[in-house]
Amino acid sequence: MSDPVVVADAQADERWMRHALALAERAQREFDEIPVGAVLVGADGQLLGEGWNLNIARHDPSAHAEIVAMREAGARLGNHRLVGCTLYVTLEPCAMCAMALVHARVARVVYAATDPKTGACGSVFDLLGDPRHNHRVAVAGGVLAREASLRLTNYFRAKRGRPLLPADGG
């Protein structure tokens with residue numbers, strides 16, 4: 001199987017990632033969830049689904065931001081296949097979410113921060129690039145990574161009673 005041919009648009013990537021970052025902030029503010037947000041956009045550039053981590057609030061280990069966004073998009077489209085779509089997410093997807101992207105036939109994933117513990121899009125595992133799958137998902141990482149990383153770091157620092165890091169990097 002050949003690799004997917006996907007045209008990237010840096011402006012659109014940054015715009016949609018800012019939307020995902022706002023959802024991550026909402027996850028933290030409204031639900032005290034780990035601040036991860038995701039947006040699923042159709043090939044035509046239309047928003048199809050959005051989500052944020054809700055696994056704590058819903059008592060559901062599968063309610064990661066990516067899964068929530070894909071469920072909403074699937075319901076909206078009336079289809080479990082999300083062909084031609086791009087998922088924007090503030091943290092590199094884990095193995096569960098990466099395989100959901102493969103099964104849904106998502107064309108592309110764009111993530112902000114890498115996940116050095118469970119990242120499955122190249123940092124720890126590379127499930128999306130595995131040639132044994134019958135579908136490949138194009139991957140772009142690092143879009144607005146600094147903002148996403150800082151939000152995640154400060155979430156966990158606050159949980160541990162440690163001082164927050166300043167936004168200016170100082």
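Numbering of residues starts from 1 in every chain and runs along the sequence as written. In keeping with the predicted nature of the model, local features appear solely for residues at pLDDT of at least 70, side-chain atom pairs appear and are counted solely at 80 or more, and the whole-chain, interface and lining totals rest on all residues. The basis for every side-chain value is the complete set of non-hydrogen atoms in the structure, without hydrogens or water.

Trainee: How would you explain the UniProt feature "binding site: Zn(2+)" (unreviewed entry) in the protein chain if you had to name every residue and give the values?
Mentor: UniProt positions are given in the numbering used here, feature names are shortened, and annotations may be inferred rather than shown by experiment. UniProt's entry tags His64, Cys94 and Cys97 with the feature "binding site: Zn(2+)" (unreviewed entry), counted in the numbering of this structure. These annotated residues cover 34 residues of sequence, and their C-alpha atoms lie no more than 9.3 Å from one another, placing them together at a single site. Residues in contact with His64, not counting those within four places in the same chain, are Asn53, Asn55, Cys94, Met96 and Cys97. We count a stretch as a helix when DSSP gives it H or I for four or more residues in a row; a strand needs E for two or more, and each element gets its number in order from the N terminus. Along the chain, Cys97 falls in helix α3 (residues 95-104). It only takes one pair of heavy atoms within 4.5 Å for two residues to be counted as in contact. Leaving out residues up to four positions away in the same chain, Cys97 has contacts with His64, Glu66, Ile67 and Met70.

Trainee: Give a description of the UniProt feature "active site" (unreviewed entry) in the protein chain that names residues and reports values.
Mentor: Listed under "active site" (unreviewed entry) in the UniProt record, and renumbered for this structure, are Glu66. Structurally, Glu66 can be placed in helix α2 (residues 65-77). If we ignore the near neighbours within four places in the chain, the residues touching Glu66 are Ala38, Leu87, Val89, Leu91, Pro93, Cys94 and Cys97.

Trainee: Outline the packing of aromatic side chains, supporting the account with residue identities and numerical values.
Mentor: Pairing of aromatic rings covers Phe, Tyr and Trp, the last counted by its six-membered ring, and requires centre-to-centre distances within 6.5 Å; plane angles under 30 degrees mean stacked, over 60 mean edge-to-face, and any other angle means tilted. This model, assessed by the stated rule, comprises two aromatic pairs. An angle of 85° between the planes, with centres 5.1 Å apart, marks the rings of Tyr155 and Phe156 as edge-to-face. The rule is simple: take the accessible area with a 1.4 Å probe, protein chains only, and divide by the maximum for that residue type; under 20% is buried, over 50% is exposed, in between is partly exposed. On the accessibility criterion, Tyr155 (5% relative accessible area) is buried. For Phe156, a relative accessible area of 29% corresponds to the partly exposed category.

Trainee: How would you explain the environment of Glu33 if you had to name every residue and give the values?
Mentor: With respect to the helices, strands and loops of the structure, Glu33 is situated in the loop between α1 (10-31) and β1 (37-41). Each C-alpha atom, one on Glu33 and one on Ala57, is 7.6 Å from the other, the two residues being 24 residues apart in sequence. When sequence neighbours within four positions are dropped, the list of residues in contact with Glu33 reads Ala27, Gln28, Asn53, Leu54, Asn55, Ile56, Ala57 and Tyr155. Any N or O atom pair separated by 3.5 Å or less is treated as a polar contact, with the protein-specific requirement of one donor-capable and one acceptor-capable atom, and with residues adjacent in sequence counted only for side-chain atom pairs. Here the side chain of Glu33 touches Ile56 through a polar contact of 3.0 Å, landing on its backbone nitrogen.

Trainee: Tell me about helix α4 (residues 145-159), and please be specific about residues and values.
Mentor: The span you would expect from a helix comes to 1.5 Å times its residue count less one. With 15 residues, α4 extends 21 Å between its outermost C-alpha atoms, agreeing within 8% with the 21 Å of an ideal straight helix rising 1.5 Å per residue. At the C-terminal side of α4, Gly161 shows a positive phi close to 70°.

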